[in-house]
Amino acid sequence: TDDATFSNVFCENSKKLINVHLFALAAKYYSVSHLGVCTPLEEILEALRGDNQGTTGIKTDEFMNNKKSHEVQVMSELVDKIANYCGIKQVVDIGSGKGYLSSFLSMQYNLKVYGIDSSNTNTSGAHERNRKLKKHWRAYQSRARANPESQRLEKANDRPVQNEIKCKAINEKTLNNSSLQSQDRGTTQDFIPSCVFTELATSETSKQTEIDLVAWSQSNESKFSEEALAILNVLPADAVEIFSSSQCNCGELCEEEKAQRKMASIKAKASKSSESNLYFPLTSYITAETELGDIITDLEDCIMVGLHTCGDLAANTLRIFTAKPEIKAVCSVGCCYHLLSEQYENQEDCTEEVWGFPMCQYLKDKGWCCGRNARMSACLALERVAVGQMLPTDSLFYRAVLQVIIEEIYGVTKSDRHVGKIFSKSSSFLDYVRKSLKKLELDDSKLPDSCIMDYYEKYKHRMNELEAFNMLKVVLAPCIEVLILLDRLCYLKEQDNIAWSGLVKLFDPVKSPRCYAVIALKKQSC
């Protein structure tokens, strides 16, 4: 198949769409899934696995919604594999939000995670969640330890140190030949409480937990002393609040162990070192020029991650990765394409700014531009529509007629203000228009009800046309998305310090429509 096959999609003279079926076939042909540009997730995991065995993950679906649980489980496993491959322990989570991914990486995989978000509200919430985690760590850990299905202490303790991982190639020899070193981190992943991803359990649940712990510990006293406390010794001293003997009869510690724990506790309380936590939420606005060392005082070799980084933040994440020698790998899943800044959107060639699109020199040389409408279309979810989750036609129709009204009545063609989610709060089209005009700070007193309803009646018979138009946008969405994704991948391919880079479909697109990750590993010497 080549471009000539689809030459009859549009009329050569009028440029109008004349063959819808061929249009759909062309859109499918040029989508991510059919261009063969993705590296299968299974190949990545297998290549990065080395001699490590698979781990039994914590079930998060009780503590997050289905979408977030799916995203965090899949992405954290991949990030851990990359960190092991590169022999690093530190993760920088850009646009960390409420800290779901960061918390899971720190607890499930014992990684030291810095979560950076521009919203102080998100950071404060993450701090509070972290505080509650530390307070209840021991109880939840013991509960998880008591679960027979999660008893993998022996495997964790016996996890071999890998001197060199020899993995099979992932479509490029550079990854296979990079000889990156991997280190064992002595993980505690199978004993970490999944409750951090939700509010803490009710008091009744907590009481039952204590009863369960006492019963379990009495029957497993010896094993707990030797094994569970060995796990706790891996953790920072103040990450665990010691239970009194009345709460949990866990057996007597030897005098040497008591002295060691007491000294560790004193040191932790006296020190404000960053080693006193596993996860550190920070507030900062990230740009391409951001110096991570100014935000993270103990920055070391690390992997940078981003789960649904918004607009330009996804592009800036890749720029920071290529520029900073401490960042050895990156795993970035972007979103909100409509918020990307474009260098050539207004036909102004300004080389002094840093733009979200295009990133690669190839598209820069061509002066490529998508435009906001195309980028808005790229955000649509074809896979969801395909399984019956239809577009909100009524709200789209309301919004379209509203635009006609504000253009014809008020002469407004462009505004910095946004209507937002008013449709769900409106009882009728009339109510929708009134509320929207007020939000846009337009005088609605000059517009009688009859005039508003006249517009509705004038256009309601065209609702089917609007629905058909939006379905065409949905079909085209993957083509626009692949352009943005390949631009980012090509940018990485143009860099001299990258050992391997690829595009990986991480998530189920029905659960999480923005499902593609841009992944890269640096050369050892970089």
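- If you check an unreviewed UniProt entry, the protein appears there as MET25 protein from Anseranas semipalmata.

### Considering the pairing of strand β4 (residues 302-310)
Consecutive residues of a regular strand have side chains that alternate between opposite faces of the sheet.
Link 1 in the chain: Burial analysis of β4 places eight of its nine residues in the buried class, the great majority of the element.
Link 2 in the chain: Where strand β1 (residues 90-94) lies against β4, four bridges are found, and the strand directions are parallel. Bridging across to β4, V91 finds its partner in I303.
Link 3 in the chain: Direction of pairing for β4 relative to strand β5 (residues 327-335): parallel, over a ladder of eight bridges. Note that in β5 the partner of T309 across the bridge is G334.
Link 4 in the chain: Read from β4 through helix α13 (residues 312-323) to β5, the crossover connection turns out right-handed.

### Section: the side chain of S102
Link 1 in the chain: Looking at the element boundaries, S102 is found in helix α5 (residues 100-108).
Link 2 in the chain: Taking the relative accessible area as the measure of exposure, S102 reaches 0% and is therefore buried.
Link 3 in the chain: Polar side-chain contacts of S102 include one of 2.7 Å to the side chain of D93.
Link 4 in the chain: Among all residues touching S102, those that are not within four sequence positions of it are D93, S96, V113, G115 and Y279.

### Re the nonpolar core
Link 1 in the chain: Formed by 75 residues in total, the largest nonpolar core has its most connected members in M75, L78, L506 and I519.
Link 2 in the chain: Top element by residues in this core is helix α4 (residues 66-86). It accounts for nine residues.
Link 3 in the chain: In this structure I519 touches L78, I82, V330, C331, W500, S501, G502 and V504, once residues within four positions along its chain are discounted.
Link 4 in the chain: By size, the runner-up hydrophobic cluster in this structure holds 21 residues, among which are L447, I452, Y459 and L466.

### Digging into a nonpolar patch on the surface
Link 1 in the chain: A surface patch of nonpolar side chains, about 240 Å² in accessible area, is lined by F10, L17 and V20.
Link 2 in the chain: Residue position: F10 is located in the segment before α1 (20-29).
Link 3 in the chain: Residue F10 is classed as partly exposed on the basis of its relative accessible area of 39%.

### Considering the sheet that holds strand β2 (residues 112-117)
Link 1 in the chain: Read across the sheet, seven strands follow the order β3-β2-β1-β4-β5-β7-β6 without closing on themselves; strand pairing throughout is mixed. Among the strands making up the open sheet, the edge pair consists of β3 (279-283) and β6 (498-505). Sheet twist, expressed as the mean angle between neighbouring strand axes with direction ignored, is 15°.
Link 2 in the chain: Against the sheet, α5 contacts β1, β2, β3 and β4, and its axis sits at roughly 175° relative to β2.
Link 3 in the chain: Of the strands in this sheet, β1, β4, β5, β6 and β7 (516-522) are in contact with α13, which crosses β5 at around 170°.

### What to know about the environment of T393
Link 1 in the chain: If you trace the backbone, T393 turns up in helix α17 (residues 393-408).
Link 2 in the chain: Taking the C-alpha atoms as reference points, T393 and M463, separated by 70 residues in sequence, lie 7.9 Å from one another.
Link 3 in the chain: Apart from residues lying up to four places away in sequence, T393 is in contact with M463, L466 and E467.

### Considering the packing of aromatic side chains
Link 1 in the chain: Under the criterion given, the structure shown has 11 aromatic pairs.
Link 2 in the chain: Their ring planes at 90° and their centres at 6.2 Å tell us that F10 and F23 sit as a pair that is edge-to-face. Taken together, the residues span a long stretch of sequence, with F10 in the segment before α1 and F23 in helix α1 at a distance of 13 residues.
Link 3 in the chain: Taken together, the ring pairs in this structure connect F397, Y398, F423, F429, Y432 and Y456 into an aromatic cluster.

Definitions and limits used
Residues numbered from 1 in each chain as written. Predicted model: local features only at pLDDT ≥ 70, side-chain atom pairs only at ≥ 80, totals over all residues. Heavy atoms only, no water. Buried < 20%, exposed > 50% of the residue type's maximum accessible area, 1.4 Å probe, protein only. Helix = DSSP H or I, 4+ residues; strand = E, 2+ residues; numbered from the N terminus. Pairing = 2+ DSSP bridges. Right-handed = clockwise from strand over helix to strand, strands pointing away. Polar contact = N/O pair within 3.5 Å; in protein donor to acceptor, adjacent residues only side chain to side chain. Contact = heavy atoms within 4.5 Å. Core = buried A, V, L, I, M, F, W, Y, C linked by side-chain atoms within 4.5 Å. Patch = residues over 30% accessible without salt bridge, like charges linked within 9 Å, V, L, I, M, F, W, Y side chains within 5 Å. Areas by Shrake-Rupley, 256 points an atom, 1.4 Å probe, with all protein chains shown as cover. Salt bridge = Lys/Arg side-chain N within 4 Å of Asp/Glu carboxyl O. Axes fitted to C-alpha atoms, helices over the stretch in contact; angles between N-to-C directions. Phe/Tyr/Trp six-rings, centres within 6.5 Å; stacked < 30°, edge-to-face > 60°.

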